[in-house]
Amino acid sequence: MRTIPKPCGQRGVTLLEVVILVLLFAIGVTFLLPALTPRRNKTSAARIKCASNLKQIALGYRVFANDNDDKFPFLVTNSLAYGNVTQAWLHFQAMSNECGSAKILICPADRERLNDITADFLTGPTATALSLASKSNRAVSFTASLDGDEKLPNVILSSDRHLLTTITTSTAASSSPAPT
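Residues numbered from 1 in each chain as written. Predicted model: local features only at pLDDT ≥ 70, side-chain atom pairs only at ≥ 80, totals over all residues. Heavy atoms only, no water.

Overview of the overall build of the chain
Selection rule: Starting at the N terminus, helices and strands are each numbered in turn, a helix being any DSSP run of H or I of at least four residues and a strand any DSSP run of E of at least two. In this scheme, a residue with accessible area under 20% of its type's maximum is buried, one over 50% is exposed, and one in between is partly exposed, where area comes from a 1.4 Å probe on protein chains only. Contacts are assigned to residue pairs that have any heavy atoms within 4.5 Å of one another. Accessible surface is estimated by sampling points in the Shrake-Rupley manner with a 1.4 Å probe; for residues, cover comes only from the protein chains shown.
A tally of helices and strands in the chain yields 6 helices and 0 strands. Of all 180 residues assigned to the chain, the portion counted as buried reaches 28%. Considering only contacts within the chain whose residues lie at least 6 apart along the sequence, 50% involve residues at least 24 apart. About 12900 Å² of surface is accessible on the chain, with carbon and sulfur atoms providing 62% of the total.

Take a look at the structure:
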């Protein structure tokens, strides 16, 4: 068998050339990868923050119930929220020690309430312009249920107020009498 001799000027690829090609490829991928991955938009980030706030409120309810014979604020007679059906902020004010910050009461997606963010739960003469007591329901994006009980675990204790608007509208539309 006969072999063909290589011309003098032809040689193989050096290690340095391979390393340079790999680096160029890696740099190209790092610039292209962010453009190809889907980005989270602001609304999904707001929804995640809203869900986190609701979880904090649920934990506040849980801790409050543990300290008050398994009763929620609206069932404790010496609570601010006892018997109050229209002022949701009183339910959260009653749980102020358990909730930590009043800032969790605003959903970031609730554009109507963003100007009324509160910073604290102070009441009485110590209340400031940024306290929940001074802004009442304007500073709350969440509802407070009056049906919650430890024996009824499927009852909603708190929800985003927009959820109720959606449910009420769809329920009213579906429960309208059929034409005769």
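Picking up where we left off.
Digging into the side chain of His91
Structurally, His91 can be placed in helix 3 (residues 88-94). Excluding anything up to four places from it in sequence, His91 contacts Tyr61, Pro73, Phe74, Ala81, Asn84, Ala144 and Leu146.

Remarks on the side chain of Gln93
In this fold, Gln93 is placed in helix 3. Filtering out sequence-adjacent residues up to four positions away, Gln93 remains in contact with Leu80, Phe121, Thr123, Leu132 and Ala133.

Structural notes on the pattern of salt bridges
Heads up, the condition is: Salt bridges are defined by distance alone: a side-chain nitrogen of Lys or Arg within 4 Å of a carboxyl oxygen of Asp or Glu.
A complete count under the given rule lists 1 salt bridge for this structure. In this structure, Arg62 engages Asp70 in a salt bridge whose closest nitrogen and oxygen atoms are separated by 3.6 Å. On the accessibility criterion, Arg62 (29% relative accessible area) is partly exposed.

Digging into the nonpolar core
Condition: Residues enter a nonpolar core if they are buried and are Ala, Val, Leu, Ile, Met, Phe, Trp, Tyr or Cys, with the set joined through side-chain atoms within 4.5 Å.
In terms of nonpolar packing, the biggest core is built from 24 residues, with Ile57, Tyr61, Phe92, Met95, Leu105 and Leu132 touching the most fellow members. Of all the secondary structure elements, the ones that give two or more residues to this core are helix 2 (42-67) and helix 3. A per-element tally of this core places helix 2 first, with 5 residues. Setting aside anything within four residues of it in sequence, one finds Tyr61 in contact with Phe72, Pro73, Phe74, His91, Phe92, Met95, Ala144, Ser145, Leu157 and Ser158.

Quick word on the confidence of the model for the chain
Using the following cut-off: Values of pLDDT, ranging from 0 to 100, describe the predictor's confidence in every residue of the model.
Averaged over all residues, the pLDDT of the chain equals 74, while 78% of them reach at least 70. Mean pLDDT across the elements of the chain bottoms out in helix 6 (residues 161-174) (50) and peaks in helix 1 (residues 15-36) (86). Scored below 50 in pLDDT, residues 165-180 makes 0 contacts in the model with residues more than four places away or belonging to other chains.

Structural notes on the packing of aromatic side chains
Selection criterion: Each Phe, Tyr or Trp ring (for Trp, its six-membered ring) is paired with any other whose centre lies within 6.5 Å, and the angle between the two planes then decides the class: stacked below 30 degrees, edge-to-face above 60, tilted in between.
One pass over the full model with this rule turns up 2 aromatic pairs. Relative to Phe72, the ring of Tyr61 has its centre 5.6 Å away and its plane inclined at 85°; by these criteria the two rings are edge-to-face. Here Phe72 lies in the loop between helix 2 and helix 3 and Tyr61 lies in helix 2, a separation of 11 residues in the sequence. Ring centres of Phe72 and Phe74 lie 6.0 Å apart, and the angle between their planes is 35°; on these two criteria the pair is classed as tilted. Among the aromatic residues, ring-to-ring pairing joins Tyr61, Phe72 and Phe74 into one connected group.

So, unusual backbone geometry
The phi torsion at Asp69 lies on the positive side, around 55°, for a residue other than glycine. Taking relative accessible area as the criterion, Asp69 reaches 71% and is therefore assigned exposed. You will see that Asp70, though not glycine, has its phi angle at about 60°, which is positive. By the element assignment, Asp70 lies in the loop between helix 2 and helix 3.

Here's the deal with helix 1
In an α-helix, one turn spans 3.6 residues, which is why side chains three or four residues apart end up on the same side. How we decide: Every helix has an expected span of 1.5 Å times one less than the residues it contains.
With 22 residues, helix 1 extends 31 Å from end C-alpha to end C-alpha; this agrees with the ideal 32 Å at 1.5 Å per step. Counting buried residues along helix 1, only 0 of its 22 residues qualify, which leaves the element largely exposed.

As for the environment of Ala51
Among the structural elements, Ala51 can be located in helix 2. The class for Ala51 is partly exposed, based on a relative accessible area of 46%. The spacing of Ala51 and Ser159 is 108 residues in sequence and 9.4 Å in space, taken between C-alpha atoms.

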